[in-house]
Amino acid sequence: MASSSCPCPYTCENEINLRFYLIQVDSGAGKNQFGIYSPKTGHFGQTAVNDWILVESPAPDAKLVGRAQGVHIMSDVASVGWFASFNIVFQGDRFNGSTLQVMGVLSLEAEWAIVGGTGELAMARGTIKKREALPQPTPPPGSDIWQLDIHASYPKNSAECMELFEFYIVCPPFHSA
């Protein structure tokens, strides 16, 4: 077991810190979310599916890096509170085909939990901080752009870990003072 006194400089985890921008379009051209259930009275229980896009920057011609695909449900009786559960599916160069599984509350500023992943990001864990982005130019009516700051850890592949452990065999046992 590693401790603060353990001189092992190696870890079997990779860490990522990424900033992407989520584009949410709820009406008009390019709509990427759709209501699938609306109660007869009130908003509680309202359900929508989403296929939001993730881009490198808030610019109109920004490169697509993935999609956030899942559902969000009005789950707060007292006020407007959306619970979201979705997969971030990466496309393109980095992490192509890998996913992050995300859960949290959709609010203007939020922190979502990364509760898993697949592909290169298998067994990921971490958080995503979401806040409103200030794009240039202003997004069209019916759309919002959100800045996502992703911080996550995920295991290195087993072959890479074995090389690290073979290089540095044993840490001294932890002794408390």
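Residues numbered from 1 in each chain as written. Predicted model: local features only at pLDDT ≥ 70, side-chain atom pairs only at ≥ 80, totals over all residues. Heavy atoms only, no water.

Caption draft 1: Up close: the overall build of the protein chain. Broken down by element type, the protein chain carries one helix and nine strands. Sorting the 177 residues of the protein chain into buried and exposed places 34% on the buried side. In the protein chain, once contacts between residues fewer than 6 apart in sequence are set aside, the share between residues at least 24 apart is 45%. Counting only carbon and sulfur atoms, one obtains 58% of the accessible surface of the protein chain, whose full area is about 10,600 Å². (Helix = DSSP H or I, 4+ residues; strand = E, 2+ residues; numbered from the N terminus. Buried < 20%, exposed > 50% of the residue type's maximum accessible area, 1.4 Å probe, protein only. Contact = heavy atoms within 4.5 Å. Areas by Shrake-Rupley, 256 points an atom, 1.4 Å probe, with all protein chains shown as cover.)

Caption draft 2: Structural context of the packing of aromatic side chains. For the coordinates displayed, the defined rule picks out five aromatic pairs. Residues F90 and F95 carry aromatic rings whose centres are separated by 5.6 Å and whose planes lie at 55 degrees to one another, so their mutual orientation is tilted. Side by side, F90 and F95 carry an identical accessibility label, which is buried. Members of the aromatic cluster, connected to one another through ring pairs, are F20, F90, F95 and Y154. Sitting above the plane of the W146 ring, K130 keeps its charged end 3.5 Å from the centroid. (Phe/Tyr/Trp six-rings, centres within 6.5 Å; stacked < 30°, edge-to-face > 60°. Lys NZ or Arg CZ within 6 Å of the ring centre and 35° of its normal.)

Caption draft 3: Quick look at the nonpolar core. Ranked by internal contacts, the top residues of the largest apolar core, which has 29 residues, are I88 and L100. Going through the elements one at a time, β1 (13–25), β3 (47–55), β4 (64–74), β5 (82–90), β6 (99–106), β7 (110–118) and β9 (143–155) are the ones with two or more residues in this core. Contact partners of L100, with chain neighbours within four places excluded, come to F86, N87, I88, F90, I114, G116, G117, L121, A124 and I150. Counting residues in hydrophobic clusters, the runner-up holds seven residues, among them I23, V55, A62 and I145. (Core = buried A, V, L, I, M, F, W, Y, C linked by side-chain atoms within 4.5 Å.)

Caption draft 4: Structural detail: the layout of surface pockets. Taken as a whole, the largest pocket spans an internal volume of roughly 340 Å³. Along its surface, the largest pocket is lined by 21 residues, and Q24, Q33, H72, W82 and L106 are the ones closest to its centre. For the lining of the largest pocket, the elements supplying multiple residues, two or more each, are β1, β2 (33–37), β3 and β9. The residue makeup of the lining of the largest pocket, split by class, is ten nonpolar, seven polar and four charged. (1 Å grid on protein atoms, 1.4 Å probe; cavity = no way out; pocket = protein on both sides within 12 Å on 5 of 7 lines; lining within 4 Å. Points joined across faces, edges and corners; volume = space filled by probe spheres on them. Nonpolar A, V, L, I, M, F, W, Y, C, P; charged D, E, K, R; others polar.)

Caption draft 5: Geometry of the environment of V65. Along the polypeptide, V65 turns up in strand β4. The class for V65 is buried, based on a relative accessible area of 8%. Along the backbone, V65 and V89 are 24 residues apart, and their C-alpha atoms lie at a distance of 8.6 Å.

Caption draft 6: Spatial organisation of the environment of E109. Secondary-structure assignment places E109 in the loop between β6 and β7. For E109, a relative accessible area of 63% gives the class exposed. For E109 and W146, which are 37 residues apart along the polypeptide, the C-alpha to C-alpha distance reads 9.3 Å. Residue contacts for E109: discarding those within four places in its chain leaves K130 and R131.

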